[in-house]
Amino acid sequence: MQATQSWWLTHALMPVLLCVGLAAVFHFGNWDRAVAGAFYDSAGQTWLLDGPPGRALHGAQRLFIAAVVVTALALLTLRRWRRPASYLLVCLALTTSLVSLGKHATRVECARDLAEYGGSHRRGGQCFPAGHSSAALSLVALYFLLGERRAAMRWVGLVVAVGLGLAFAATQWARGMHVPSHDLASAAIAWAVALGAYTALYRRRLWDPRHAPAAD
């Protein structure tokens, strides 16, 4: 019982509280504005990645996620990879869907829509939580997927997912689309989905021992 309580404390309560707490600090501590200001040229009223460079990088990142989806779909045809591939797809689909619903419900403006950054301060934006980074952050599923094969690999999976999420997020910060609190909210959703799917849908068993790759 104690081990189970410890697992839920470290895998459910602490990660989500960390993301939500940091999001609150960035938002209410004006750190969001500090980050946005670092990417905004007030003299020229432009963002660091305005125009074609930003669109190209944004598009390349979307293609990367598309490649991940196509690869996972292809792996569904192989029995030994079916459960881990389906888990990855479930996490990606649920995370991005919940974030999309959140964007429509909260109707928060993007940074570039605010008057202080040259925007019209229109109401009814769709920038919270962050949609672009949510696809990359959904890969926190790798923490559970890889960790089930070898305990140390879970940290590799987590670092990869967080690194990709940060890269996707920074691209949007530099385009004036999001600020860190938006991405931290998406990170909390991504982690909750990965944990929930792992425990509820797959019951902590992603690799069928009859068909799993040879143990490391």
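Residues numbered from 1 in each chain as written. Predicted model: local features only at pLDDT ≥ 70, side-chain atom pairs only at ≥ 80, totals over all residues. Heavy atoms only, no water.

## Examining the packing of aromatic side chains
Step number 1: Taken as a whole, this structure holds 13 aromatic pairs when the rule is applied.
Step number 2: Taken together, a centroid distance of 5.3 Å and an interplanar angle of 90° make the contact between Phe 26 and Trp 31 edge-to-face.
Step number 3: The exposure class of Phe 26 is buried, given its relative accessible area of 18%.
Step number 4: Owing to a relative accessible area of 46%, Trp 31 belongs among the partly exposed residues under this scheme. (Phe/Tyr/Trp six-rings, centres within 6.5 Å; stacked < 30°, edge-to-face > 60°. Buried < 20%, exposed > 50% of the residue type's maximum accessible area, 1.4 Å probe, protein only.)

## Description of the nonpolar core
Step number 1: Grouped together as the largest cluster of nonpolar side chains are 29 residues, with contacts concentrated most on Tyr 87, Cys 91, Val 140, Phe 144, Trp 191, Ala 194 and Leu 206.
Step number 2: Only helix H1 (2-28), helix H4 (82-106), helix H6 (141-147), helix H7 (153-173) and helix H8 (180-201) provide two or more residues apiece to this core.
Step number 3: The element contributing the most residues to this core is H8, with 9 residues.
Step number 4: Apart from the residues within four sequence positions on either side, Phe 144 is in contact with Trp 7, His 11, Tyr 87, Trp 191, Ala 194, Leu 195, Tyr 198 and Leu 206.
Step number 5: Membership of the second largest hydrophobic core comes to 7 residues, among which are Ala 36, Tyr 40, Tyr 117 and Val 179. (Core = buried A, V, L, I, M, F, W, Y, C linked by side-chain atoms within 4.5 Å. Helix = DSSP H or I, 4+ residues; strand = E, 2+ residues; numbered from the N terminus. Contact = heavy atoms within 4.5 Å.)

## A few points about the state of the cysteines
In a disulfide, the sulfur atoms of two cysteines are covalently bonded to one another.
Step number 1: For the structure on display, the rule yields 1 disulfide.
Step number 2: A sulfur-sulfur distance of 1.6 Å marks the disulfide that ties Cys 110 to Cys 127. Residue Cys 110 is found in the loop between H4 and helix H5 (131-137), and its partner Cys 127 is found in the loop between H4 and H5; the two are separated by 17 residues along the sequence.
Step number 3: We note that Cys 19 lacks a disulfide partner, and the nearest cysteine sulfur, in Cys 91, lies 15 Å from it. (Disulfide = S-S within 2.5 Å.)

## Points about a nonpolar patch on the surface
Step number 1: Taken together, the side chains of Leu 9, Leu 13, Met 14 and Leu 17 make up a nonpolar region of the molecular surface, amounting to roughly 380 Å² of accessible area.
Step number 2: Judged by relative accessible area, Leu 9 falls into the partly exposed class, the value being 40%. (Patch = residues over 30% accessible without salt bridge, like charges linked within 9 Å, V, L, I, M, F, W, Y side chains within 5 Å. Areas by Shrake-Rupley, 256 points an atom, 1.4 Å probe, with all protein chains shown as cover. Salt bridge = Lys/Arg side-chain N within 4 Å of Asp/Glu carboxyl O.)

## Re the pattern of salt bridges
Step number 1: Enumeration according to the criterion identifies 2 salt bridges in this entry.
Step number 2: Measuring nitrogen to oxygen at the nearest pair gives 2.9 Å for the salt bridge that ties Glu 116 to Arg 33. In this pair, Glu 116 sits in the loop between H4 and H5 while Arg 33 sits in helix H2 (residues 31-39), placing the two residues 83 residues apart along the sequence.
Step number 3: Note on Arg 33: relative accessible area 40%, which makes it partly exposed.

## Brief notes about the packing of helix H3 (residues 52-75) against H7
Step number 1: In contact at an axis separation of 10 Å, H3 and H7 are set at 150° when each is read in the N-to-C sense. On the basis of their axis angle, the class for H3 and H7 is roughly antiparallel. In the packing of H3 onto H7, the handedness of the crossing is left-handed. Within the contact between the two elements, H3 uses Leu 57, His 58, Gln 61, Phe 64 and Ile 65 and H7 uses Leu 164, Ala 167, Phe 168, Thr 171 and Gln 172.
Step number 2: Its residues assigned to classes, the contact of H3 with H7 comprises 6 nonpolar, 4 polar and no charged. (Axes fitted to C-alpha atoms, helices over the stretch in contact; angles between N-to-C directions. Parallel < 35°, antiparallel > 145°, perpendicular 65-115°, else oblique. Left-handed = near helix turned anticlockwise from the far one by under 90°. Nonpolar A, V, L, I, M, F, W, Y, C, P; charged D, E, K, R; others polar.)

## Considering the environment of Ala 167
Step number 1: As for its position among the elements, Ala 167 is in helix H7.
Step number 2: Residue Ala 167 is classed as partly exposed on the basis of its relative accessible area, which comes to 38%.
Step number 3: Sequence-wise, Ala 167 and Ser 133 are 34 residues apart; in three dimensions their C-alpha atoms are separated by 8.2 Å.

## Examining the packing of H4 against H8
Step number 1: Following both chains from N to C, one finds H4 and H8 inclined at 140°, their axes separated by 9 Å at the closest point. Viewed along their axes, H4 and H8 adopt a mutual orientation that is oblique. Of the two possible hands of crossing, H4 and H8 adopt the one that is right-handed. Facing H4, whose interface residues are Tyr 87, Val 90, Cys 91, Leu 94, Thr 95, Leu 98 and Val 99, H8 presents Ser 186, Ile 189, Ala 190, Val 193, Ala 194, Ala 197, Tyr 198 and Leu 201.
Step number 2: Of the residues assigned to the contact of H4 with H8, the class counts are 13 nonpolar, 2 polar and no charged.

## Re the confidence of the model for the chain
Step number 1: Scored by pLDDT, the chain has a mean of 91; 93% of the residues are at 70 or more.
Step number 2: In this model residues 212-216 is a low-confidence stretch, pLDDT under 50, and it forms 11 contacts with partners more than four residues away in sequence or in other chains. (pLDDT = per-residue confidence, 0-100.)

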